Amino acid sequence: WHFKDKADLFNAMMERVTLPMEAALHQTGQDAAGEPLEELRRAISAAPRRIVSDVQTRRVFEVATHKVEYVDDLMPIKTRHVQARAVALGSLERSLEAAASRSAVKLVVPLPVAAQALHALVVGLIHDWLLASSDFDLCVDGNRAVDALLAGLGLPPSGHAVPPATA
């Protein structure tokens, strides 16, 4: 009775768990002295870690990924998902661009394609893990998959020292 409709209730539920993850991704590139690629890896690994370790977050993501049907009064939820996706893709593009620039590499695909691939990988891993969590370790295997995708884009492996840019 505190909410005007299902969409309002769902949005309130999502606000509690997605904002910290969106904020982590948004923070990438904020530290000019930091290593953009490692910041990106940390931000990307935050969502799976939180889903694995926080039961409330996991339950909300289960509802959001497996129990939402975009019909009638829930269409605003689809709009919210589309907007959140656009923000995430923009953050990923900026982070990938900074990482490629700092590493002095040219990505093997256009920036929007690289961001979409990374986003799809993380969303897909979370989706699959929520379906069958005993099949793989979301954090360990997820990080390996992200590292493999980043390497396939031409970026250096995790922990690889990249010299600072010279003027």
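Here, the structure is the one placed above.
Below, the structure is looked at part by part.

Quick notes on the rules
Residues numbered from 1 in each chain as written. Predicted model: local features only at pLDDT ≥ 70, side-chain atom pairs only at ≥ 80, totals over all residues. Heavy atoms only, no water. Helix = DSSP H or I, 4+ residues; strand = E, 2+ residues; numbered from the N terminus. Buried < 20%, exposed > 50% of the residue type's maximum accessible area, 1.4 Å probe, protein only. Areas by Shrake-Rupley, 256 points an atom, 1.4 Å probe, with all protein chains shown as cover. Core = buried A, V, L, I, M, F, W, Y, C linked by side-chain atoms within 4.5 Å. Contact = heavy atoms within 4.5 Å. Expected span 1.5 Å × (residues − 1). Arc of directions from axis to C-beta. Polar contact = N/O pair within 3.5 Å; in protein donor to acceptor, adjacent residues only side chain to side chain. Salt bridge = Lys/Arg side-chain N within 4 Å of Asp/Glu carboxyl O.

Topic: the overall build of the chain
If you tally the helices and strands in the chain, you get six helices and zero strands. Helices and strands appear in the chain in the N-to-C order α-α-α-α-α-α. Within the chain, the proportion of its 167 residues that are buried is 35%. A total accessible area of about 9700 Å² is found for the chain, and carbon and sulfur atoms account for 59% of it.

Overview of the nonpolar core
L40, L96, L118, I126, L150 and L155 are the most contacted members of the largest nonpolar core, which totals 26 residues. Contributions of two or more residues to this core are made by α2 (36-53), α4 (75-103), α5 (111-131) and α6 (138-153). Here this core gets eight residues from one element, more than from any other, and that element is α5. Setting aside anything within four residues of it in sequence, one finds L150 in contact with L37, L40, R41, L96, L118 and L155.

Looking at α5
Between its terminal C-alpha atoms α5 stretches 30 Å, which fits the 30 Å expected from 21 residues at 1.5 Å a residue. Those residues of α5 that sit buried are A114, A115, L118, H119, V122, L125, I126, W129 and L130. Buried residues of α5, seen end-on, are gathered within an arc of 140° and therefore sit on one face of the element.

Remarks on the environment of R58
Summarising the element assignment, R58 is placed in helix α3 (residues 55-66). For R58, the residues in contact, after removing those within four places along its chain, are I51, V52, S53, W129 and L130. One polar contact links the side chain of R58 to the main-chain carbonyl oxygen of V52, over a distance of 2.8 Å.

Some points on the pattern of salt bridges
The final tally for this structure, using the stated rule, is five salt bridges. Note that R41 is salt-bridged to E38, the shortest N-O span being 3.0 Å. In this pair, R41 and E38 both sit in helix α2, three residues apart, roughly one turn of the helix. Here D141 makes a salt bridge to R144, at a shortest N to O gap of 3.5 Å. Residue D141 and its partner R144 are both found in helix α6; the two are separated by three residues, about one turn of the helix. For D141, a relative accessible area of 29% puts it in the partly exposed group. Relative accessible area serves as the criterion here: at 56%, R144 is assigned to the exposed category.

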